[in-house]
Amino acid sequence: MDLKKTKNTSADTAKKYTKEEYKKFRSAVDDQLENTFHCSFETAEPYDMYRAVATVINSELQTKRWEFNKKRRAVEKHEDGKKKIYYISMEFLMGQSLKNNLYNLGQTGMVEDMLSEINMDITELYDLEPDAGLGNGGLGRLAACYMDAMASCGYDVTGFCIKYDYGLFKQKLVDGWQVEMPDNWLPGGHVWLNAREDDVYKVGFYGQYKEQWGEDGLKFVAEGQDIVEAVPYDMFVSGSDSEAVEKLRLWSGRDTEGFDMTSFNNGDFTKAAQENTRAELLSKVLYPADNIEGGKELRLKQQYFMVSASCQNIVRNHYRLHGTLDNFHQKNVIHINDTHPALCIPELMRIFIDDYGCDWDYAWYRVINTISYTNHTVLAEALEKWSDSLVKNMLPRIYMMIEEINKRFRNDMEVKFPGDEGKIDYVAPLGDGMVRMANLSVIGSHKVNGVSKLHSEILKDDLFHDFYLAYPEKFTNVTNGIAYRRWLCQSNPELASLLDECIGPEYRKDAWKLQGFLRYRDDKHVGERLTEIKRDNKIRMSAKIKEMTGIAPDPDSLFIVQAKRLHEYKRQLLNALRIIVKYQGLLADPDMEMRPETYLFAAKTAPNYFMAKRIIQLIYEIGQEIEKNPRISEKMKVIFLENYSVSLAETLMPATDISEQISLAGKEASGTGNMKMMINGAVTIGTMDGANVEMFDAVGDDSIFIFGQTAAEVLENFRNGYDARKCYGENEQLKAAVDSLSAGFNGKDFKGIHDYLLQPSYSIADPYMCLKDFGSYCEVHERIQEAYEDRPRWNRMSATNIAMSARFAADRSINDYAEKIWFTKPIV
């Protein structure tokens, strides 16, 4: 096939615009520059231009949202089967908005042309926008991908979250040690936020509830509560080539009384500011440390603050439109993204019963037929539990609701499993002095899903097995998906251009069309273009790395990437051990013939997760030691990229040759980084875990490299008494690598990690079986690196991965949710 070797730098297709459209847009930008930022178009600095263009785009989105609202209200009021979707999540990792909105609105080319008049590049504007600090990792990025997909597919959705002033944190590596710095994203990000002072809700904490009899029967009246105002800020989310514009509503905390002027005038300045500061603290930072009581209390407060404001908003909107709650469950979907929003269940019961006078059975039927729940983890420590005393003290009425749910649920379970007190105690929402949020989520939802086929089976067979026995119809699967337009069309415009030439641009709207690219996997010229495009992306990533670290990797080296949250089960440590073996081999034979290798890691971890921080430091120091040896560093580089973010990933994913997806089988729910690298033509080395299983099914065993134990084998080996020291003693290379941890790297010893791998004093040595899977991992790495040197074979694998990534589009995931869980259809 004869292909043009043009490099498309624009993210969207060449959408034409009229002179009138350009004139109108340019006039709006000129007005912003002159009246808001006090400069002219010709004298504007890039930051002024970014804010002006973003303000104009935000205004366009507001107008589109208003038009969409008119249409969807008419549809939702009068048409059956089309519901309003509410997606509640503690995280929405939105990334940068300008680039995404310009692409979705088809205005990238127009803005590029406008900026060219003053020799300004559009990437200067993109680089000035901070990533919205509303999330941490996969959970938040998934929520953002789904907002994008729902808009593109024409559903009506409102997302709910908190307007975190500082997000998670900005990661700084100091001698390899993660240090958390404030992530102050609002100065550049506030342009996308639209305050709604007319739609404020009150949220109450603590106090007492007293019984009060009246004409309508028994009422519970709150006294002595701490009241906080939830102030909404709306961020609009556009869809690609779609009428729909979705709303992400972010709640900010504010004291109801405002500033304490009396205390201030009396000279008590600290007290004057204290109340407002306490309210504002609710929306300061995502995930305060929960290893101290104050942190736990603040986390629970944040969750109820978000949930209460959101539920009040939802019920109020419905009642205004329909004038009844009879059809609440027929017109609304409330989806809780993991257990953080689980208090939706008792909070909706509180609103229905206390504020609208409903009886229990009427309210409960509407709650369980409205709410659905996605589980994102099988790790016991990640299934939230709160002490009874904390919930009862902070949220007394909510605790009453949970007690009643617990009582009625236990009665129902006694009918299903008579006399089996152990089983009933295990699945009850209250037990062992704790409120169990995962159990509450399952009980209060009509559907529960995992996020990959394997994960959903583990939920049924293990984690929620007793629930499954009682309510098998509740459980289903929706495999995760990605916003492929962002991760392919915007992040890798050269590859998108090649796809346009080969299969036409229809895949930009319908991801299934990507499968047509399979026809070209043996095309020599297409393969050569894939190689060229990958190298161009590696050059771009190398320049980015040099800017960040001062080190410029060779773009002709093999880019081996592991980019995901740092956790023991994701096994960055396994990767590090193999790197040590490779490094030791080069020390023994510096003249070893090999293609240069660049190992790229990117990850944040929780501030109080000491072992994960030590693993980050280990990887960093290995890289630093290698860099000091010129003969080694020309063949091998190990780089830990600081402050991993969506915008950094948009450069990293297209540059990846080998995607490391090496979690212990049975531990990773799904993963989405694997999909983002896959759609950009990377080849995966991974275990049969999470969505890797479905990727294997999609591409076949000749286009993915699988190693290690299966989930069933992992369970069996643990049951039989896993002996890490035996694995250590049977492999000389592994033994040397583990022993080197005590001696250390770059002047720092890592004896703690050595002991973690070998000493049973850590409850179990090597709890995520790095040593068990090490030999298989090294063997498959040799095979994948051999395959890389066979260019026709590698290009065939790359093309296959691109084509078969179609099934991992978020559009498919959302349509699955709509069909199997929400029972709704698009509005437009």
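Residues numbered from 1 in each chain as written. Predicted model: local features only at pLDDT ≥ 70, side-chain atom pairs only at ≥ 80, totals over all residues. Heavy atoms only, no water.

Caption draft 1: Summary view of empty space enclosed by the protein. Tallied over the full model, the rule gives three cavities of 30 Å³ or more. Size it by volume and the largest cavity reaches roughly 100 Å³. Contributing to the lining of the largest cavity are 13 residues, with Met94, Ser97, Asn100, Val237 and Arg486 lying nearest its centre. Elements that contribute at least two residues to the lining of the largest cavity include exactly α3 (98-105), α6 (138-153) and β9 (226-238). Taken together, the residues of the lining of the largest cavity sort by class into five nonpolar, five polar and three charged. Size it by volume and the second largest cavity reaches roughly 50 Å³. In this structure, the second largest cavity is lined by Lys564, Gln661, Ile662, Ser663, Glu668, Ser670, Gly671, Asn674, Asp689, Ala691 and Asn692. (1 Å grid on protein atoms, 1.4 Å probe; cavity = no way out; pocket = protein on both sides within 12 Å on 5 of 7 lines; lining within 4 Å. Points joined across faces, edges and corners; volume = space filled by probe spheres on them. Helix = DSSP H or I, 4+ residues; strand = E, 2+ residues; numbered from the N terminus. Nonpolar A, V, L, I, M, F, W, Y, C, P; charged D, E, K, R; others polar.)

Caption draft 2: Here's a closer look at the packing of aromatic side chains. A complete count under the given rule lists 23 aromatic pairs for this structure. On the basis of an interplanar angle of 85° and a centroid distance of 5.2 Å, the ring pair of Phe328 and Phe352 is categorised as edge-to-face. With Phe328 in helix α11 (residues 328-331) and Phe352 in helix α12 (residues 344-355), this pair connects stretches of sequence that are 24 residues apart. Its relative accessible area of 0% is what places Phe328 among the buried residues. Seen from their ring centres, Phe464 and Phe467 are 6.0 Å apart, and the 75° between their planes marks the pair as edge-to-face. (Phe/Tyr/Trp six-rings, centres within 6.5 Å; stacked < 30°, edge-to-face > 60°. Buried < 20%, exposed > 50% of the residue type's maximum accessible area, 1.4 Å probe, protein only.)

Caption draft 3: Here's a closer look at the sheet that holds strand β13 (residues 385-387). Here we have three strands laid out as an open sheet, ordered β13-β15-β14, and antiparallel in their pairing. Where the open sheet ends on each side, the last strands, each with one partner, are β13 and β14 (430-431). Of the pairings in the sheet, the one linking β14 to strand β15 (residues 434-436) comprises two bridges and is antiparallel in character. From the neighbouring strand, Gly431 faces β15, where its bridge partner is Met434. (Pairing = 2+ DSSP bridges.)

Caption draft 4: View of α6. Counted at 1.5 Å a residue, the expected span for α6 with its 16 residues is 22 Å, and the 22 Å between its end C-alpha atoms agrees. With 15 of 16 residues buried, α6 lies mostly within the body of the structure. Note on α6: the residue one or two positions beyond its end, Gly154, has a positive phi of about 90°. (Expected span 1.5 Å × (residues − 1).)

Caption draft 5: Looking closely at the layout of surface pockets. Empty space within the second largest pocket amounts to approximately 720 Å³. Val378, Ala380, Tyr426, Asp462 and Leu463 are, among the 30 residues lining the second largest pocket, the residues nearest its centre. Secondary-structure elements contributing two or more residues to the lining of the second largest pocket are α16 (421-427), α17 (437-443), α18 (453-463) and α29 (711-719). Per element, the largest residue contribution to the lining of the second largest pocket is five residues, and it comes from α29. Looking at the lining of the second largest pocket residue by residue, the class counts come to 20 nonpolar, two polar and eight charged.

Caption draft 6: Just the side chain of Thr824, in detail. Relative to the helices and strands, Thr824 resides in the segment after α35 (810-822). Other than its neighbours up to four places away in sequence, Thr824 contacts Gly81, Lys82, Lys83, Ile85, Tyr155 and Ala818. (Contact = heavy atoms within 4.5 Å.)

Caption draft 7: Structural detail: the packing of helix α21 (residues 493-503) against helix α22 (residues 524-549). At a closest axis distance of 9 Å, the pairing of α21 and α22 adopts a crossing angle of 160°. As summarised for this structure, α21 and α22 are arranged roughly antiparallel, according to the angle between their axes. In terms of crossing hand, the pair formed by α21 and α22 is right-handed. The segment α21 lies against α22, with Glu494, Leu495, Leu498 and Cys502 engaging Val526, Arg529, Leu530, Ile533 and Asp536. The residue inventory of the contact of α21 with α22, partitioned by class, reads six nonpolar, no polar and three charged. (Axes fitted to C-alpha atoms, helices over the stretch in contact; angles between N-to-C directions. Parallel < 35°, antiparallel > 145°, perpendicular 65-115°, else oblique. Left-handed = near helix turned anticlockwise from the far one by under 90°.)

Caption draft 8: Molecular detail of the side chain of Asp466. Tracing the backbone shows Asp466 in helix α19 (residues 465-470). Classification of Asp466 as buried rests on a relative accessible area of 15%. Not counting the four nearest positions on each side in its chain, Asp466 is found in contact with Phe417, Lys423, Tyr426 and Val427.

Caption draft 9: Just the nonpolar core, in detail. Ranked by internal contacts, the top residues of the largest apolar core, which has 203 residues, are Met49, Met114, Met150, Phe205 and Phe517. Residues Met611, Leu741, Phe745 and Tyr768 belong to the second largest nonpolar core, which totals 70 residues. (Core = buried A, V, L, I, M, F, W, Y, C linked by side-chain atoms within 4.5 Å.)

Caption draft 10: Representation of the pattern of salt bridges in the model. In this structure the tally under the stated criterion is 51 salt bridges. Taking the shortest distance from any N to any O, the salt bridge between Glu730 and Lys726 comes out at 2.8 Å. Separated by four residues within a single helix, Glu730 and Lys726 lie in helix α30 (residues 724-730), roughly one turn from each other. Accessibility expressed as a relative area gives 48% for Lys726, which makes it partly exposed. (Salt bridge = Lys/Arg side-chain N within 4 Å of Asp/Glu carboxyl O.)

Caption draft 11: A look at the pairing of strand β20 (residues 636-641). Among the six residues in β20, six count as buried, and that is most of the element. Side chains Met636, Val638 and Phe640 project from β20 onto one buried face, and the interleaved Lys637, Ile639 and Leu641 project onto a second face that is buried too. In the sheet, strand β19 (residues 597-602) pairs with β20 via six bridges, with the strands oriented parallel. The residue bridging Tyr599 from the neighbouring strand is Val638, located in β20.

Caption draft 12: Structural detail: the sheet that holds strand β18 (residues 558-563). Here six strands make up an open sheet; going across it, the order is β20-β19-β18-β21-β22-β23 and the pairing parallel. Two strands lie at the open edges of the sheet, namely β20 and β23 (705-706), each paired on one side alone. When β18 meets β19, the two strands line up parallel, connected through six bridges. Along β19, the bridge assignment pairs Val561 with Leu600. Its contacts with the sheet put helix α26 (residues 646-655) on β18, β19 and β20, and the angle it makes with β18 is roughly 135°.

This is a description of form; function is not addressed.
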